Amino acid sequence: TWDGWAAMVVEMALSHRAPPPMLVLSPGSCSFPTRCSASTAKSLLFRFLPFLHWLPRYPVKDWLLGDIASGFSVGIMHLPQGLAYALLAGLPPVTGLYSSFYPVFLYFFFGTSRHNSVGPFAVISVMIGSLTDSLLPSENFLESVNGSNTTVNEAQRDAARVELVATITVLTGIFQVALGLLQFGFVVTYLSDPLVRGYTTAASVHVLVSQLKNVFGVSLGEYSGPLSMFLVSGGSLLPRTLRALTCGAHRGPQKPAREASIIISTGISYGVNLKAKFGISVVGNIPSGLKPPVVPNVSYFGQVVGNAFAIAVVGYAICISLGKIFALKHGYKVDSNQELIALGLCNFLGGFFQCFAISCSMSRSLVQESTGGNSQMVWIVTFVATLLLNLDIGLGASVAFGLLTVIFRTQL
């Protein structure tokens, strides 16, 4: 009360001590000791939704052309990589397209890196694939044919694996959002530039080695743990890394040849009918449309909680490592805690739409940066064109426009 406070002031004055400050609870304040102002709410909103800060200041004249070329180039890469990484995770190819759309769309609103290309990533797909193979192997879905022969019920197996992986993805997102809210991003302070570059280089070698069995058509078992990269099905040590480095020393097709090769190879496969004549594996039929959201099966949580946490940490480590490299090169900063939250929301919400856990792709991020990309803006155009025109026409339109923009930029 006022009388009690006045008496305390008199007592303090007599003893030559300063009275304590009086806290006044103003109307509209949200707590007793602090006052919620419009500027504070605006600051929190801009921190949680970074696009509100940079989008109104977007330099159209300086960035738009580069973002268009970058957006189409990265969007084109998303299509084959999404299909391939879904197969690497032991899932139907169409889930790779879902994972190339929903999380990337969400990162536009919540992410702070201007050059990271989020979406399917080979290392994360390998981790998911080893989990689907161990928990839901194909042997669990065998059914007899004509009473003697057995075959795998692929539709039933794929449906079960999609349900499992969607649950893992949601749980991964929960871990990442929780770590971001707990300010776990402070660990980035201890990531030096040599550490970041060494980690990303080693991760790229893991990605390359994981694809060797598909390149050479060899069937190998899946392994995890130390030295797993050197293990083959016989259990012996084989220095596949040397072959990986040899293959990686040769530069792949450059833009715009990279985009053209996708169209040409797809056209040859379809026109010549390589699957029927030569037994070459193809992706097959891709269902059209988007799936409605589905609640994950929480009964899997106890089985996959450890794997989900590992995927959450590895996915964030790759994402923030690439983000730091690009931010240092181009003179801006990435918010490590917001990156955790952004990545977590991409995974959490994507899991409801049959996506698998995502991170940042090194190859797509490098293409996005090298083709003149300055923000997360214009890749949406490729996805809109593909969604409206379907995969075949959308891909052709995207490649054609991408080639024109690259040619136009090189002639300026």
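Residues numbered from 1 in each chain as written. Predicted model: local features only at pLDDT ≥ 70, side-chain atom pairs only at ≥ 80, totals over all residues. Heavy atoms only, no water.

Q: Help me understand the nonpolar core in this model?
A: The nonpolar side chains of soluble globular proteins are, as a tendency, buried together. Ranked by size, the top nonpolar core spans 53 residues in total, and within it Ile128, Ile168 and Phe356 carry the most contacts. Listing elements by their share of this core, those giving two or more residues are α4 (60–88), α6 (102–110), α7 (122–135), α8 (154–181), α14 (301–330) and α15 (336–351). If one sorts the elements of this core by residue count, α14 sits on top with 10 residues. In contact with Ile168, other than residues within four places in its own chain, are Leu131, Val304, Ala308 and Ile311. With nine residues, the next largest nonpolar core counts Leu79, Val94, Ile286 and Cys355 among its residues. (Core = buried A, V, L, I, M, F, W, Y, C linked by side-chain atoms within 4.5 Å. Buried < 20%, exposed > 50% of the residue type's maximum accessible area, 1.4 Å probe, protein only. Helix = DSSP H or I, 4+ residues; strand = E, 2+ residues; numbered from the N terminus. Contact = heavy atoms within 4.5 Å.)

Q: Is there a simple way to think about the packing of aromatic side chains in this case?
A: Two aromatic rings are characterised by how far apart their centres lie and by the angle between their planes. Tallied over the full model, the rule gives 10 aromatic pairs. Ring plane angle 75° and centroid distance 5.2 Å describe the contact between Phe105 and Phe109, whose orientation is recorded as edge-to-face. Of this pair, Phe105 and Phe109 both sit in helix α6, four residues apart, which is roughly one turn of the helix. Judged by its relative accessible area of 23%, Phe109 is partly exposed. Ring pairs connect the aromatic residues Phe51, Phe101, Tyr102, Phe105, Phe108, Phe109 and Phe353, which therefore count as one cluster. (Phe/Tyr/Trp six-rings, centres within 6.5 Å; stacked < 30°, edge-to-face > 60°.)

Q: Even after reading the chapter, I still don't get the side chain of His78, so can you show me in this structure?
A: Mapped onto the secondary structure, His78 falls in helix α4. Among the polar contacts listed, one links the side chain of His78 to the side chain of Ser100, at a separation of 3.5 Å. (Polar contact = N/O pair within 3.5 Å; in protein donor to acceptor, adjacent residues only side chain to side chain.)

Any functional reading would require information beyond the geometric quantities listed.
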